Structures are given as C-alpha cells and as structure tokens.
Amino acid sequence: MKNDIIKKADRVIAATYARFPIVLEKGKGSKVWDTEGTVYTDFLSGIAVCSLGHANPDIANALARQAETLIHVSNLYYTIPQIRVAELLVENSFADRVFFCNSGAEANEAAIKLARKYFKEKGDPSRFRIIAMEQSFHGRTMATLSATGQEKIKKGFDPLLTGFDFVPFNNIKAIEEKVDSSTCAILTEPIQGEGGVRCPDPEYLQRLRKICSEAGILLILDEIQTGIGRTGRLFAYEHYQIEPDIMTLAKALANGVPMGAMLATESVAKAFTAGSHASTFGGTPIVSAASQVVLKTVANKEFLKNCRDKGVYFKEKLQQLKKKYSMISEVRGLGLLLGVKLEIAGHSIVNECLKKGFLINCIQENILRFAPPLIIKDGEIDALIECLDQVFQEIRYSK
Ligand SMILES: *Cc1c(COP(=O)(O)O)cnc(C)c1O
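Rules used throughout
Within each chain, residues carry numbers counting from 1 in the order of the written sequence. Only residues with pLDDT of at least 70 get local features here, since the model is predicted, and only at 80 or more are side-chain atom pairs given and counted; chain-wide, interface and lining totals rely on the full set of residues. Each side-chain value is derived from all of the structure's non-hydrogen atoms; neither hydrogens nor water enter the calculation. For this description, a residue counts as near a given molecule or strand if any of its non-hydrogen atoms is within 4 Å of it. We define a polar contact as two N or O atoms separated by no more than 3.5 Å, with the added condition that, inside protein, one atom must be a possible hydrogen donor and the other a possible acceptor, whereas residues neighbouring each other in sequence contribute only through side-chain atom pairs. Under the convention used here, a 1.4 Å probe and the Shrake-Rupley method define accessible areas, while residue burial counts only the protein chains that appear. Counting from the N terminus, the helices are the DSSP runs of H or I reaching at least four residues and the strands are the DSSP runs of E reaching at least two. For this classification, Asp, Glu, Lys and Arg are treated as charged, while Ala, Val, Leu, Ile, Met, Phe, Trp, Tyr, Cys and Pro are nonpolar and the rest, including Gly, are polar. In summary, the pairing rule links any two rings of Phe, Tyr or Trp, Trp by its six-membered ring, whose centres are within 6.5 Å, and it sorts them by plane angle into stacked for under 30 degrees, edge-to-face for over 60 and tilted for everything else. Summary of the burial criterion: residues with accessible area below 20% of their type's maximum are buried, those above 50% are exposed, and those between are partly exposed, where the area comes from a 1.4 Å probe applied to protein chains only. By definition, being over a ring means that NZ of Lys or CZ of Arg is both within 6 Å of the ring centre and within 35 degrees of the ring normal. Pairing between strands is defined by DSSP: at least two bridges between the two strands are required. Consider the strands pointing away from the viewer: the crossover is right-handed when the path from the first strand over the helix to the second runs clockwise.

Caption draft 1: Structural view of the site of the ligand. All residues in the neighbourhood of the ligand are listed as Ser103, Gly104, Ala105, Asn108, Phe137, His138, Gly139, Glu189, Asp222, Ile224, Gln225 and Lys251. At 3.2 Å from a nitrogen atom of the ligand is found a main-chain nitrogen or oxygen belonging to Phe137. In this structure, Asp222 approaches the ligand through a side-chain N or O atom, which is 2.7 Å from a nitrogen atom. For the ligand, the accessible surface in isolation is 380 Å², of which the surrounding protein chains cover 81%. Counting residues per element, the shell around the ligand draws most heavily on helix H5 (residues 104-121), at three residues. Considering only residue class, the shell around the ligand consists of three nonpolar, six polar and three charged.

Below, the structure written as structure tokens:
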C-alpha cells in the first residue's frame, strides 16, 4: 500500500524534494503516524512550523468556527480576525504595522520592496542595495533567491535580481567595508537556520544595529524560522536587546496554516501606501483565526520560559552525547532550535532515527537540526537522546 502511494506520487508530483519513504497520515501533539500505523516523534515539526503540535484542539476549533463563519473576502474589506492578529503582533514586538502574506519568501519579498521604496520616497533613489550574508536562506522566489547566500540553490536560475552584496555572517569588519551610499539595508537571520543553526556572537546583532542607525539604513531581520517562540523568546532579537526596522515572519505564525507577515516601524512602513503592494490571500480570516491562537499561547511569559527551560535541557543532553562521541564536533543553537555538527555525513543518521521512530533533519550535509514542537516533553527528549546514543554507538562499532 505504502509503495503504491509513493509510486503514484513520483509520477505526478514535481521532483523538487528528495522525500523520505513514509506517508504521513495523522498527528497528535508531538507524534505523527504513517499509513502503516508506525508512530514517530516529530523533532522537526514541519520545519519549525507546528510549534503547538499536530491536531492541536484549540487551533482545530478556531479553524472550524471560522470556516463556518467566513473564510475569505479579500483585502478590499476589513475583517476582525486579521486586525486582532496585527494588534497581537504590534503589542508584542517593536513594530507599528503589519503586512500579511502567505509564506516566508513572500514576507521577504515585501521587506525587500519596502526597503527600496523607503529610500525612493525619501528622495535617495540611489540607495537600493541590500547587504546579505553568506550561507543565508531567505526563500526560493527570484528576489529572495537573489538575497540568499548559497550558490548551490541559485545555480541554474540566472540572471538573478541585482542589488545584493554578500559578506560572511558574524563578521562586523566585512559589513563596515561593504556599507556605502548605495546601501539601503542589511538583511540577516538572527540565527542562520538552513545555513546550519549558526549563531552569531552575542554582540554581533547589536553592532549591526549600530551600523544601520549610524548610516541611516534599515536593519531587516528574517525571523521566519527563529520567530514565534522558537528560540525561547517570542522573537530572537529580544535576546540581543536590539530592535530591527523590518522583520519577517512565517513558518510557525499559524501553526501550519500558510501565513506570512512583514512587520515594520511606522516611519518605514509609511513608504507603502494604497496600491504599493498586495496579496489576495494575505491575512484572510481563516489563517488569522489560527494565528490568534498561536500568538495568544506563545506570547505568554510562562510558555516562553518553558521553551527556554526545555531548550537548555535538550542542549545539555546533546552536549553529554558530544562528550561521548568524537564524531560530534559541536552542539549549537538557542531555545528549541538546536543543531549538532558532525564529523561525518548526517543523512544515514537521519535515516536510522526514522527507522527508530524519530523525525529529525540534516542540513548542509553534516548538521543535524532539531526543531521540535514547543510543547515537546522531557521524556520525549530523553527518548530521542537514547535513540541518537544507539545510532552513534552502532556507527562506532561498524567502523
Ligand atoms: C523557511 C525560510 C524562508 C522561506 O519560507 P517559505 O515559507 O518556504 O517561503 C525564509 N527565510 C528563512 C529564515 C526560513 O527559514
């Protein structure tokens, strides 16, 4: 049965993903089940998306109620769920205004367009270049791909959008040398997600903030992966006592219902006026219903403290594994976005974990990434650690 489904998929679905050979059918909390009835503990949560777990009853109820009331009317009209989500985002962040869209790439597209438009409106049209980071990831649309610092995913799509300069992540000097009268913004993830859970020095973002303020340019933070509690704060920038001018969100914003958002301060946001930018589906009542539940839950201090505590617990356990196995070279990350850098390729480890009932992910060939639901339990973390311990031991003995 499973193989028939996979055969069918491979006939009709674009081959853009190398998928694992399981067909997932249902979920509950941190668990998902495949069509064979096998249960997995999900340490990826749909790539940092389903933070409140699968089949969350509050999300399901909010969606069901909203579906019976109003799903979509377009942004030509006001709707209350969208206003509530915007208020929750504004109340809980640096931002004054929110633009809604449907994905991370779209949120970054909006940010790139706003940064350019801001300087056009200011009468400084020659400032349009954006400094982005090597190893960054900002999406797969043409503009966001152009802003992404990874050659392997840009290959084959030339010519890309012009106006992006790249510098090494976590290197202040490189930024200082790059900023000039054509720069409009610096764009970075606070922690590089797809790039390998790479954390900058604590003072890095503070210094970026200072450089931007002094040069009168914009700091754009892509918090698509790090936002909404993932790092143990509602937004990762809070760890560094700074505020960006623009921030992008998506992934966990509506627990798996597709939603993106671009947030900005009043002075920057006002460069967008009626007709400047748009999205048919952006912030519809149905996605906003889910997002309200997410934001009300995650913005809670106790909830966030629990995420931080779980992150510390999990990281400590990974560090104990590192002491035991020389094939682990580094444990890194913040909150419940954690990475384990290996001296060996990671794909076989991911496959072994899958066989043992755990969904994890490998990025950049040799970095295991963990982004479990924020509601993960200590016992589930312990079980994963035991699984990894076994897998590493098997590798050690097979050598
Ligand atoms: C996932 C991700 C994106 C792209 O989001 P999509 O919804 O896939 O378009 C952009 N930036 C970061 C940091 C991401 O993790």
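Caption draft 2: A look at the packing of aromatic side chains. Under the definition given, this model contains nine aromatic pairs. Judged by centre distance (4.9 Å) and plane angle (85°), the ring pair of Tyr118 and Phe119 falls under edge-to-face. For the residue pair Tyr118 and Phe119, the accessibility class agrees, reading buried in each case. On the basis of an interplanar angle of 5° and a centroid distance of 5.8 Å, the ring pair of Phe235 and Tyr237 is categorised as stacked. A relative accessible area of 0% places Phe235 in the buried class. Through a chain of ring-to-ring contacts, three or more aromatic side chains come together here, namely Phe43, Phe314, Phe358 and Phe370. The residue whose ring lies beneath Lys26 is Trp33, and the NZ or CZ to ring-centre distance is 5.3 Å.

Caption draft 3: The arrangement of the sheet that holds strand S1 (residues 24-28) in detail. Judged by pairing direction, the sheet is mixed, and its four strands sit side by side in the order S1-S2-S3-S13 without closing on themselves. Each end of this open sheet is capped by a strand with a single partner; those strands are S1 and strand S13 (358-359). Relative to S13, strand S3 (residues 39-42) runs parallel, the two sharing two bridges. Looking at the pairing, Thr41 lines up with Phe358 of S13.

Caption draft 4: Region of the structure containing unusual backbone geometry. Looking along the chain, the bond that leaves Asp158 and enters Pro159 is cis, with omega of -10°. Of note, Pro159 is situated in the loop between helix H7 (151-154) and strand S6 (164-167). Although it is not a glycine, Ser74 adopts a positive phi angle of roughly 85°. Topologically, Ser74 is positioned in the loop between helix H3 (57-67) and helix H4 (80-91). Positive phi, close to 50°, is recorded for Val197, a residue that is not glycine. Take Val197: it is sitting in the loop between strand S7 (183-188) and helix H9 (204-215). Exposure remark for Val197: the relative accessible area of 0% places this residue in the buried category.

Caption draft 5: Just the pairing of S7, in detail. Across the six residues that make up S7, a large majority, six, are buried. In the sheet, strand S5 (residues 129-133) pairs with S7 via three bridges, with the strands oriented parallel. By the bridge assignment, Arg129 is partnered in S7 with Thr183. Pairing of S7 with strand S8 (residues 218-222), which is carried by four bridges, proceeds in the parallel orientation. Its bridge partner being in S8, Thr188 is matched across the sheet by Leu221. One crossover worth recording links S7 to the parallel S8 by way of H9, and it is right-handed.

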